[in-house]
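Chain by chain, the residues run as shown.
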Amino acid sequence: VASATPISGPFEQSGGDANGKTEEKYTSAGELEKLIRAIGTNPNLDTKQKNLTIQGLRDSVWKSNCRLSKRKREEDVGALGGFSEYFPGQAHTTEPNVATAARHQPEAVVQTTQQTHHMSFSMSSAGASARLRRETPPSSYFKKSVDGEISLVWTSYPQSTAFHPNNNSVPLFSASELAPTYHDGGINHILGCPHYARSCKLRHPTSGRLYTCRLCCEQTREMAAKDKDSPLDRYEVTEVLCMRCGALQPAGDKCVNQECPSGGKPFSRYCCNICHFYDDSVNKSIYHCPFCNVCRSGKGLGIDYRHCMRCNACVSLKDDHHCIPQRLQGNCPICHESMFQSTEPLRGLKCGHVMHLSCFKNMRGHSYTCPLCKKSVEDMSEYFALLDSAIRMQPMPPAYAATTSNIYCQDCGKVGNVAYHFVGLKCQHCQSYNTRELQRVDANIMASLWQGYNSHQST
């Protein structure tokens, strides 16, 4: 995708050293913002292309900065005298420090010592290096004890006493999982995803992967992959990742890291500790229904919605409601997707059945009856008046003048006998044209048959 300005890479490079090798440098927030603004103001890109380009740029910058941070951390740890003091439970080696030995031993001995030190470290950290090749730990890791106290158990800061990179209890993630995602593609720095605005990620309770929301997990599952995750169960989520500081912590309404740039602000304006649902939208009202056990759009029960126990659904106080037991527990009759936890707007029909609003609009282009019960989905009096006019303007020919039809009305459920017309058959009880023809009878034929039958009986 073309951008407004040429971009050689996600990070800056210096002029190079004496050997001609380029040196990577961190990409600062100001430099990244300039690149994002250049992409955002490019008139040759549409909104989707801008979001994809900006997200890819942020992911690339995040990976390069993580790589440089890891390299710098290894250099700092090596300067402190080796790795043994940062691996608890590992025996301290009696081998002298390489830097100290270099001042008292010949060059050949120093090289041998360096090789021995490298081999011992490779053997002791073989398991950790195999994991670090593919995944990266979070910046900090907080856990909740049995008593409910949250404490720091690991941090990436080398000088901290909780710095244990070889501890298998510290979860590891890919760089793309740890990279922050943005609700607006990063133009206005609104954290979140295309579905919701929030500043945290949910950790999958089964696989341990990080997803910004459950819908992002569903999109990932739809993509071709060898190791697909199961659907993200929002109720089983126990840990979240703060996208501002990168700290993994127990699920809550705000970051517990004292050094987080958020300053104790919540992850979003609305936080639900039951559904683990977060949404920072300004012009959206959300409430948690204890009967549905999900969060729904609205001001709350008794304000603009009420919960129908028979239907097991929240219905508006303004609409006329027709009870259908467990009507939201099934799938949409058009797209066959679940409606109970759907984020799309739903449309209640006149008969009481429900479908997605987008599915309803598509269906109304060619039909006005419910696909389940065949009743009219809304008031069709104007359309039936047009059919009355068409019948008056097109009388039936004399050959069909005496033809009648036995009909069943799908709106009122009654049967009757009406005059046949090819435009439509009108119910005499509810004045609806939503009828079904059961039998067609020609009065002239029936009269001649009846006359023949009587003559046969008389003879």
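Here, the structure is the one placed above.
Throughout this description, residue numbers start from 1 for each chain and increase along the sequence as written. In view of the model being predicted, local features appear only for residues whose pLDDT reaches at least 70, and side-chain atom pairs are presented and counted only at 80 or more, with totals across whole chains, interfaces and linings using the full set of residues. Just so you know, side-chain values use all the structure's heavy atoms and leave hydrogens and water out.

Asks: Got a sec to walk through the pairing of strand β5 (residues 239–242)? Specific residues and values, please.
Replies: Burial along β5 is two-sided: the face carrying Glu239 and Leu241 and the face carrying Val240 and Cys242 are both buried. A pair of strands is considered paired only if DSSP assigns at least 2 bridges between the two. Helix and strand definitions here come from DSSP, where helices need a minimum of 4 consecutive H or I residues and strands a minimum of 2 consecutive E residues; each element is numbered from the N-terminal end. Where strand β3 (residues 200–203) lies against β5, three bridges are found, and the strand directions are antiparallel. The residue bridging Lys201 from the neighbouring strand is Leu241, located in β5. Looking at chain direction, β5 and strand β6 (residues 247–250) are connected through three bridges and run antiparallel. Bridged to Val240 within β6 is Gln249. Linking β5 to β6, which pair antiparallel, is a turn of four residues; within it Gly246 sits at a positive phi near 80 degrees. Only protein chains enter the calculation, and the probe is 1.4 Å; a residue is then buried if its accessible area is under 20% of its type maximum, exposed if over 50%, and partly exposed in between.

Asks: Let's hear about the nonpolar core: which residues, and what values?
Replies: For this analysis, a nonpolar core means a set of buried residues of the types Ala, Val, Leu, Ile, Met, Phe, Trp, Tyr and Cys, connected via side-chain atoms within 4.5 Å. Cys292, Leu349, Met355, Phe360 and Val377 are the most contacted members of the largest nonpolar core, which has 21 residues in total. Residue assignment for this core shows that the elements contributing at least two residues are β9 (286–289), β12 (313–316), β14 (354–356) and α8 (357–363). A per-element tally of this core places α8 first, with three residues. A contact between two residues is defined here by any heavy atoms of the two lying within 4.5 Å. Discounting chain neighbours no more than four positions away, the residues touching Cys292 are His307, Asn312, Ala313, Cys314 and Phe340.

Asks: So what's going on with the packing of aromatic side chains? Which residues, and what values?
Replies: Each pair of aromatic rings taken from Phe, Tyr and Trp, with Trp reduced to its six-membered ring, is defined by centres within 6.5 Å and is described as stacked if the planes are under 30 degrees apart, edge-to-face if over 60, and tilted in the remaining cases. Per the counting criterion, the structure on display carries eight aromatic pairs. Here the aromatic rings of Phe384 and Tyr433 are separated by 5.7 Å at their centres, their planes lie at 50 degrees, and the arrangement is tilted. Taken together, the residues Phe384 in helix α9 (residues 381–393) and Tyr433 in the loop between β16 (415–419) and β17 (435–442) connect sequence positions 49 residues apart. Grouping residues by exposure puts Phe384 and Tyr433 together as buried. Joined through ring pairs, the aromatic side chains of Tyr368, Tyr383, Phe384 and Tyr433 make up one cluster. Two thresholds decide whether a charge sits over a ring: the Lys NZ or Arg CZ must be within 6 Å of the ring centre and within 35 degrees of the ring normal. The ring of Phe360 carries Arg347 above its face, with NZ or CZ at 4.2 Å from the centroid.

Asks: Help me get a handle on a nonpolar patch on the surface, residues and values and all.
Replies: Patch membership is restricted to residues that have no salt bridge and whose relative accessible area is over 30%. Joining uses 9 Å for like charges and 5 Å for the nonpolar side chains Val, Leu, Ile, Met, Phe, Trp and Tyr. The Shrake-Rupley method, run with a 1.4 Å probe, gives the accessible areas here. Residue values count only the displayed protein chains as cover. Salt bridges are defined by distance alone: a side-chain nitrogen of Lys or Arg within 4 Å of a carboxyl oxygen of Asp or Glu. A surface patch of nonpolar side chains, about 300 Å² in accessible area, is lined by Phe291, Leu301 and Met309. Inspection of the secondary structure assignment puts Met309 in the loop between β11 (305–308) and β12. For Met309, a relative accessible area of 53% translates into the label exposed.

Asks: Hey, could you go over the pattern of salt bridges for me, with residue numbers and the actual values?
Replies: Under the counting rule described, the total for this entry stands at nine salt bridges. Between Arg269 and Asp280 there is a salt bridge, and its shortest N-O distance comes to 3.2 Å. Residue Arg269 is located in the loop between β6 and β7 (270–272), and its partner Asp280 is located in the loop between β8 (277–279) and β9; the two are separated by 11 residues in the primary sequence. Look at Arg269 and you get exposed, because its relative accessible area is 55%.

Asks: Quick one: what's the story with the environment of Pro333, residue by residue and with numbers?
Replies: The residue Pro333 is located in the loop between β12 and β13 (346–348) in this model. Leaving out residues up to four positions away in the same chain, Pro333 has contacts with Val354, Met355, Pro371 and Leu372.

Asks: A description of the sheet that holds strand β1 (residues 140–144) should follow, citing residues and the corresponding values.
Replies: Strand order in the open sheet formed by six strands is β2-β1-β6-β5-β3-β4, with mixed pairing between adjacent strands. Two strands close off the open sheet at either side, each with one partner strand: β2 (150–155) and β4 (210–211).

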